[in-house]
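Notes for the structure review
Given next are the chains, with one letter for each unit.
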Amino acid sequence: MSTTEAVPTEAGEARITYHRAAEPRAVLALGHGAGGGIGARDLVALAGKLPDRGITVALVEQPWRVAGKKLGPAPKTLDLGWRPVAGLLAGQGLPLVVGGRSAGARVACRTGAASGAVGVVALAFPLHPPGRPEKSRAQELLGSGLPTLVVQGPADPFGGPGEFPELPPGHELVALPYGNHGFEVPKRASVGQEEVLELICAAVGDWVLGLV
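First, a word on what this report is: a plain description of the structure on this page. On a predicted model such as this, the values are computed, not experimentally measured, just so you know.

Let's shift gears to the packing of helix 1 (residues 41-49) against helix 6 (residues 193-211). Running from N to C, helix 1 and helix 6 cross one another at 60°; their axes reach a closest spacing of 9 Å. As judged from the angle between their axes, helix 1 and helix 6 are oblique. Considering only the axes of helix 1 and helix 6, their crossing is right-handed. Contacts between helix 1 and helix 6 pair R41, D42, A45, L46 and K49 from the former with Q193, L197, E198, I200, C201 and V204 from the latter. Here the contact of helix 1 with helix 6 is composed, by residue class, of 6 nonpolar, 1 polar and 4 charged.

Structure (structure tokens):
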């Protein structure tokens, strides 16, 4: 059973949906992308699987989503909507890992070290705008200041696994066998959608537990 909590921020009211572990060893806070919400397939899968492994998953809705808007604001405003949430979770007495998908991964990379988190999970990190590899956002990832796990699909127009620079010690890249920016698997693939989601859940769960 999930529970929700409203969190006031400078950008408006954010919302946490908790999927709690019976005997938690860590909290994994995950934000959503700039064009979607916490119903993304990877976030739903992680919230469904990881509590059984002792990881409480906190899915975080940015204030713009709570307010019913369709498009996310500028990065600075996203950070304002995230920091109080991370601070609240960091004060709950368990190791906190922050992360998210796409824009949510960028927020976690930018703010994680200052929030009291012990690591970052970056799902479908948007390395560059589609078709614009010269507009790299790699420095956000490389400069997270925390151990960081990147999970990336090979058909991601924002940057596939082979496009990432050499990662520093403490950073790890998991290259999925299939998947686009939303980790959607084509019907012709040799593995199914559920198998890829299982791979994501296993990789993230193993990494978080190994960290804490």
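Attention now goes to empty space enclosed by the protein. In this structure the tally under the stated criterion is 1 cavity of 30 Å³ or more. The space that makes up the largest cavity amounts to roughly 60 Å³. Around the largest cavity sit G31, H32, G33, A34, Q62, W64, L78, W82, A103, G104 and V107, which together line it. Those elements that provide at least two residues to the lining of the largest cavity are helix 3 (75-90) and helix 4 (103-115).

Moving on to the layout of surface pockets. By rolling a water-sized probe across the atoms, one finds the places where empty space is left. Of the voids in this model, the largest pocket is the one considered here, and its volume is about 190 Å³. G33, A34, S102, A103 and H181 are the residues nearest the centre of the largest pocket, which is lined by 14 residues in total. Grouping the constituent residues of the lining of the largest pocket by class yields 5 nonpolar, 6 polar and 3 charged.

Next up on the list: the nonpolar core. Ranked by size, the top nonpolar core spans 33 residues in total, and within it L123, V151, I200 and V204 carry the most contacts. At the level of elements, strand 3 (26-31), helix 1, strand 4 (55-61), strand 6 (119-123), strand 7 (148-152) and helix 6 are the ones that each hand at least two residues to this core. Of all the elements, helix 6 adds the most residues to this core, at 9 residues. Those residues within four positions of V204 in sequence are excluded, and the remaining contacts are L28, L46, L50, V121, L123, L149 and V151. Counting 31 residues, the second-largest nonpolar core is a separate cluster that includes L89, V98, V107 and L127.

Before going further, it helps to examine helix 4. Between its first and last C-alpha atoms helix 4 spans 17 Å; for 13 residues at 1.5 Å apiece the expected length is 18 Å, and the two agree. Maximal helix bending in helix 4 amounts to about 35°, located at C109. Counted residue by residue, helix 4 has 10 buried out of 13 residues, so it is predominantly covered. Three or more residues of helix 4 are buried, namely A103, G104, A105, R106, V107, A108, C109, T111, G112 and S115. Along its buried surface, helix 4 packs onto strand 3, helix 3, strand 5 (96-101), strand 6 and helix 5 (138-142).

A full pass over the atoms with the stated rule returns 8 salt bridges. Ionic pairing is found between R15 and E61, a salt bridge with its closest N-O pair at 2.9 Å. With a gap of 46 residues between them, R15 in strand 2 (residues 12-19) and E61 in strand 4 connect regions that are remote in the sequence. Accessibility expressed as a relative area gives 29% for R15, which makes it partly exposed. Overall, the relative accessible area of 12% leaves E61 in the buried class. R53 is the partner of D206 in a salt bridge, and the nearest nitrogen-oxygen pair spans 2.6 Å.

This part covers the side chain of T17. Inspection of the secondary structure puts T17 in strand 2. On the basis of relative accessibility, which here comes to 10%, the residue T17 falls in the buried class. Leaving out residues up to four positions away in the same chain, T17 has contacts with S2, T3, T4, I38, V57, A58, L59 and E61.

Before going further, it helps to examine the packing of aromatic side chains. Any two aromatic rings considered together are summarised by their centre-to-centre distance and by the angle between their planes. Counted under the stated rule, the structure contains 0 aromatic pairs. Directly above the aromatic system of Y18 lies the positively charged group of R20, at a separation of 4.1 Å from the ring centroid.

With that settled, consider the packing of helix 3 against helix 4. Two elements in contact, helix 3 and helix 4, have axes separated by 9 Å at closest approach and are oriented at 55°. The angle between helix 3 and helix 4 falls in the class oblique. Judged by the sense of rotation from one axis to the other, the crossing of helix 3 with helix 4 is right-handed. Residue-level contacts link P75, L78, D79, W82, R83, A86 and A90 of helix 3 to A103, V107, R110, T111 and S115 of helix 4. Within the contact of helix 3 with helix 4, the residues separate by chemical class into 7 nonpolar, 2 polar and 3 charged.

Thresholds, definitions, all that
Residues numbered from 1 in each chain as written. Predicted model: local features only at pLDDT ≥ 70, side-chain atom pairs only at ≥ 80, totals over all residues. Heavy atoms only, no water. Axes fitted to C-alpha atoms, helices over the stretch in contact; angles between N-to-C directions. Helix = DSSP H or I, 4+ residues; strand = E, 2+ residues; numbered from the N terminus. Parallel < 35°, antiparallel > 145°, perpendicular 65-115°, else oblique. Left-handed = near helix turned anticlockwise from the far one by under 90°. Contact = heavy atoms within 4.5 Å. Nonpolar A, V, L, I, M, F, W, Y, C, P; charged D, E, K, R; others polar. 1 Å grid on protein atoms, 1.4 Å probe; cavity = no way out; pocket = protein on both sides within 12 Å on 5 of 7 lines; lining within 4 Å. Points joined across faces, edges and corners; volume = space filled by probe spheres on them. Core = buried A, V, L, I, M, F, W, Y, C linked by side-chain atoms within 4.5 Å. Buried < 20%, exposed > 50% of the residue type's maximum accessible area, 1.4 Å probe, protein only. Expected span 1.5 Å × (residues − 1). Bend = angle between axes of the 7 residues up to and from the residue. Salt bridge = Lys/Arg side-chain N within 4 Å of Asp/Glu carboxyl O. Phe/Tyr/Trp six-rings, centres within 6.5 Å; stacked < 30°, edge-to-face > 60°. Lys NZ or Arg CZ within 6 Å of the ring centre and 35° of its normal.

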